[in-house]
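Each chain, written out:
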Amino acid sequence: MKVPDAQPRIEALRTGGPNKPYAVLGRSYTPITTDAEIRESGLASWYGGKFHGRPTASGERYDMHAMTAAHPTMPIPSYARVRNPVNGREVIVRVNDRGPFSPGRIIDLSLAAAVRLGVSHAVSPVEVERLTHEAIRSGDWRR
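K.L.:
Could you clarify how one ought to interpret the pattern of salt bridges in this entry?
P.N.:
Note that side chains of opposite charge can pair when their charged atoms are close. Counted by the stated rule, this structure contains twelve salt bridges. For Arg39, the salt bridge is made with Glu129, and the minimal N-O distance between the two is 3.3 Å. Note that Arg39 is positioned in strand E3 (residues 39–47) and Glu129 in strand E8 (residues 124–131), a separation of 90 residues in sequence. Judged by its relative accessible area of 56%, Arg39 is exposed. Between Arg83 and Glu127 there is a salt bridge, and its shortest N-O distance comes to 3.2 Å. Here Glu127 lies in strand E8 and Arg83 lies in strand E5 (residues 78–83), a separation of 44 residues in the sequence. Residue classification places Arg83 among the partly exposed positions, given a relative accessible area of 26%.

K.L.:
Is there a simple way to explain the environment of Arg137 in this structure?
P.N.:
Tracing the backbone shows Arg137 in helix H2 (residues 133–138). Judged by its relative accessible area of 54%, Arg137 is exposed. Through-space distance from the C-alpha of Arg137 to that of Leu109 is 25 Å; in sequence the pair is 28 residues apart. Side-chain polar atoms of Arg137 contact the side chain of Glu134, separated by 3.1 Å.

K.L.:
Looking at this structure, how should I read the packing of aromatic side chains?
P.N.:
Within a pair of aromatic rings, the relevant descriptors are the distance that separates the centres and the angle that separates the planes. Per the stated rule, a full pass over the model turns up five aromatic pairs. Aromatic rings pair up to connect Tyr22, Tyr29 and Phe101 into one cluster.

K.L.:
What am I meant to see in the sheet that holds E3 here?
P.N.:
The pairing of strands in a sheet comes from backbone hydrogen bonds and takes either a parallel or an antiparallel form. Read around the closed barrel, the six strands follow the order E3-E7-E4-E6-E5-E8; overall the barrel is mixed. Between one strand axis and the next, the sheet turns through 45° on average, direction left out of account. In the sheet, E5 pairs with strand E6 (residues 90–97) via six bridges, with the strands oriented antiparallel. Considered in E6, the bridge of Ala80 is made with Val93.

K.L.:
Please explain the pairing of E6 as it appears in this structure.
P.N.:
Here is the key point about a regular strand: its side chains alternate between the two faces of the sheet. Here E6 lies mainly inside the structure; seven of its eight residues are buried. Sheet topology places strand E4 (residues 68–70) next to E6; three bridges connect them, and they run parallel. Bridge assignment links Ala70 to a residue of E6, and that residue is Asp97.

K.L.:
What is the right way to read the environment of Arg116 from this model?
P.N.:
Mapped onto the fold, Arg116 is located in helix H1 (residues 111–117). The sequence separation of Arg116 and Lys2 amounts to 114 residues, and the corresponding C-alpha distance is 8.1 Å. Not counting the four nearest positions on each side in its chain, Arg116 is found in contact with Lys2, Val3, Pro4, Asp5, Met67, Arg89, Glu90 and Val91. Only 2.5 Å separates the side chain of Arg116 from the backbone oxygen of Val3, close enough to count as a polar contact.

The rules behind these values
- Residues numbered from 1 in each chain as written.
- Predicted model: local features only at pLDDT ≥ 70, side-chain atom pairs only at ≥ 80, totals over all residues.
- Heavy atoms only, no water.
- Salt bridge = Lys/Arg side-chain N within 4 Å of Asp/Glu carboxyl O.
- Helix = DSSP H or I, 4+ residues; strand = E, 2+ residues; numbered from the N terminus.
- Buried < 20%, exposed > 50% of the residue type's maximum accessible area, 1.4 Å probe, protein only.
- Polar contact = N/O pair within 3.5 Å; in protein donor to acceptor, adjacent residues only side chain to side chain.
- Phe/Tyr/Trp six-rings, centres within 6.5 Å; stacked < 30°, edge-to-face > 60°.
- Pairing = 2+ DSSP bridges.
- Axes fitted to C-alpha atoms, helices over the stretch in contact; angles between N-to-C directions.
- Contact = heavy atoms within 4.5 Å.

Note that every value here comes from positions in space, so none of it alone points to a role or purpose.
Below you can see the structure in the form of structure tokens.
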């Protein structure tokens, strides 16, 4: 069964909660608290069964079968387009968690997102674009 992309909607950004500064493994992170455009290229990993059902940074339960992702500084909640430059596949995910915290990685994908992108076999290159409220409002995120 093909899991559908997350459906972007405008959600309020908070300055506290999951968007407050934090530290993991001796490194400090300051999440973005504005509706900023973010574009990054780097490595993606995925997280699955070990975290399935556990709370995410947003307080939601992690569902490895949903189109979600973790990002170290993107506002929570956010929506992002993730593209695999090797095969051209793209997915829309809802960012509701923090991570990854391994050097060189820019996003952790749910198992469903990783499978759809064809990156569930290994850490893989991706391009990430945060969908702004304006892009969601105007429908520009649909390509």
